[in-house]
Amino acid sequence: MRINRYLAQALNISRRKADELVKDGRVKLNGKVLKDFVDVDENDTVEVDGESVRIEKGKKLYFAFYKPPFVVSSTKDSEGRRTVCDFFKGFEQKLICVGRLDYLSEGLLIVTNDGKFANLLMHPKYKVRKTYLIKTRDVIGADLLKRMSKGIELEDGYFKPLTIKKTKNPNWVVVSIDSGRNRILRRFFKAFNIGILKLKRIAIGDVELGSMKEGEYRELEKREVESLKKLAFRNRGRVAFG
């Protein structure tokens, strides 16, 4: 595993911060100060500022990942296309994509080795909010936006977005949903004869894509993981008792 990935996992920091540790000469490998980004394994001794650091075995991993377009939200693809796991090479743990995006779409995915957590976010009844920035071929007028906000009957049932709002750019809208139905937004917009030029997920619950670039990932902060769990459990309670 590359040293910056090792440090990111061991210290629960971003890879950018891990890169800085190496560049600042604060990292030692087997007693020698590192000057390059080398590979390490479990037999190596890694120190940061004189303190030994190791990746905990069985550690639960939670990442925010910016899926580029033309990448499959899966561990492998029968057609040989690039997958999300191609960006996570060097991880021994089996990783799961949470909140899939279709091949053409881009934006935020949660990637984890925690199966229970993944199921909590993916299960339809937990209704975790997801927010998208969508560029349309034509400008959506106020009347049409109002009709869209009321929802429409699709081939697999009625669908209504939580919110749909225009942005300062007339060809962009922000849409929030709590449905995980397949290609639901593309089918919803098509039902109103609106062409989509770009579909980008910018948030899952309170976790935001922010300034991440295509293909980048960062480890979720503890508060972000807890926030997603609380959101799912709160929604589950509404389903069970409301």
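Treat the numbers as computed from the prediction; the structure is a model and nothing was measured.

Trainee: Please set out the overall build of the protein residue by residue, giving values where relevant.
Mentor: A count of helices and strands for the protein gives 6 helices and 15 strands. Over its C-alpha atoms, taken along the principal directions, the protein stretches across nearly 70 × 40 × 35 Å. Scored against the burial criterion, the 242 residues of the protein give a buried share of 45%. Sequence separation of at least 24 residues holds for 64% of the intrachain contacts in the protein that already meet a minimum separation of 6.

Trainee: Describe helix α3 (residues 115–122), with residues and values.
Mentor: Regarding α3, the residues found buried are Phe117, Ala118, Leu120 and Leu121. What you see down the axis of α3 is that its buried residues fit within an arc of 160°, all on one side. One side-chain oxygen of the residue at the start of α3 lies 3.2 Å from the amide nitrogen of Lys116, identifying that residue as Asp114.

Trainee: Which residues make up the nonpolar core, and what values go with them?
Mentor: Side chains that are nonpolar tend, in soluble globular proteins, to be buried together. One finds Phe88, Ile134, Met148, Leu185 and Phe189 to be the most contacted residues of the largest nonpolar core, which totals 34 residues. A total of 4 residues in this core trace back to one element, the largest contributor, which is helix α5 (residues 184–191). Leu185 has contacts with Tyr132, Ile134, Phe159, Val175, Ile177, Ile196 and Leu199, leaving out every residue within four places of it along the chain. Counting 21 residues, the second largest nonpolar core, distinct from the first, contains Ile110, Phe117, Val128 and Leu228.

Definitions and limits used
Residues numbered from 1 in each chain as written. Predicted model: local features only at pLDDT ≥ 70, side-chain atom pairs only at ≥ 80, totals over all residues. Heavy atoms only, no water. Helix = DSSP H or I, 4+ residues; strand = E, 2+ residues; numbered from the N terminus. Buried < 20%, exposed > 50% of the residue type's maximum accessible area, 1.4 Å probe, protein only. Contact = heavy atoms within 4.5 Å. Arc of directions from axis to C-beta. Polar contact = N/O pair within 3.5 Å; in protein donor to acceptor, adjacent residues only side chain to side chain. Core = buried A, V, L, I, M, F, W, Y, C linked by side-chain atoms within 4.5 Å.

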